[in-house]
Amino acid sequence: MPRISAKDAKPKVDRAPTEEMPVATEEQPAAAPVQIVERRIELVTVEVPLGEPPRRFDQVHIEGWLRGDVAHTFARIRQALWDQGAKTADGRPCKSNPDVMRWLMEQFAQ
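Residues numbered from 1 in each chain as written. Predicted model: local features only at pLDDT ≥ 70, side-chain atom pairs only at ≥ 80, totals over all residues. Heavy atoms only, no water.

*Asks:* Would you mind going over helix H1 (residues 68–84) with me for this structure?
*Replies:* Turn by turn, an α-helix covers 3.6 residues, leaving residues three or four places apart pointing in a common direction. Over its 17 residues, H1 runs 25 Å from end to end, which matches the ideal 24 Å to within 8%, given 1.5 Å per residue. Those residues of H1 not exposed but buried are Phe74, Ala80 and Leu81. In an axial view of H1, the angular spread of the buried residues amounts to 125°, which keeps them on one side of the axis. Within H1, the exposed residues directed more than 90 degrees away from the buried face are Gly68, Asp69 and His72. Looking at the packing, one finds that the buried side of H1 touches helix H2 (97–109). In the segment just after H1, Gly85 is the residue with positive phi, at about 70°. (Helix = DSSP H or I, 4+ residues; strand = E, 2+ residues; numbered from the N terminus. Expected span 1.5 Å × (residues − 1). Buried < 20%, exposed > 50% of the residue type's maximum accessible area, 1.4 Å probe, protein only. Arc of directions from axis to C-beta. Contact = heavy atoms within 4.5 Å.)

*Asks:* Sorry, what's going on with the packing of aromatic side chains here?
*Replies:* Each aromatic ring pair is characterised by the separation of its centres together with the angle its planes make. A complete count under the given rule lists zero aromatic pairs for this structure. Across the ring face of Phe57, the terminal group of Arg55 is positioned such that the distance to the ring centre comes to 4.3 Å. (Phe/Tyr/Trp six-rings, centres within 6.5 Å; stacked < 30°, edge-to-face > 60°. Lys NZ or Arg CZ within 6 Å of the ring centre and 35° of its normal.)

Spatial relationships are all this shows, so hold off on functional conclusions.
In structure tokens:
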């Protein structure tokens, strides 16, 4: 395919706007309507047995998977904490799964 040099190229002609080419205006298009979702938050009371460990623990590593109804319940707790802007004892917002577990354990420790 032959190359066309810049001096041989046809100059671009600015065309006047037509019906097919709308003129840009300063007005912004109307924003899409905003849908506000209100989530229902329930409070439950749970009895948790607390035993006496053989010694004082300063830290514990927890790792595992939650599945099915248990995972769904955890997600409900996490969402409610996010919606309420809950924070852990050190002031961190409950944004991650470990933050949610930390918050839960702090509630049991009180």
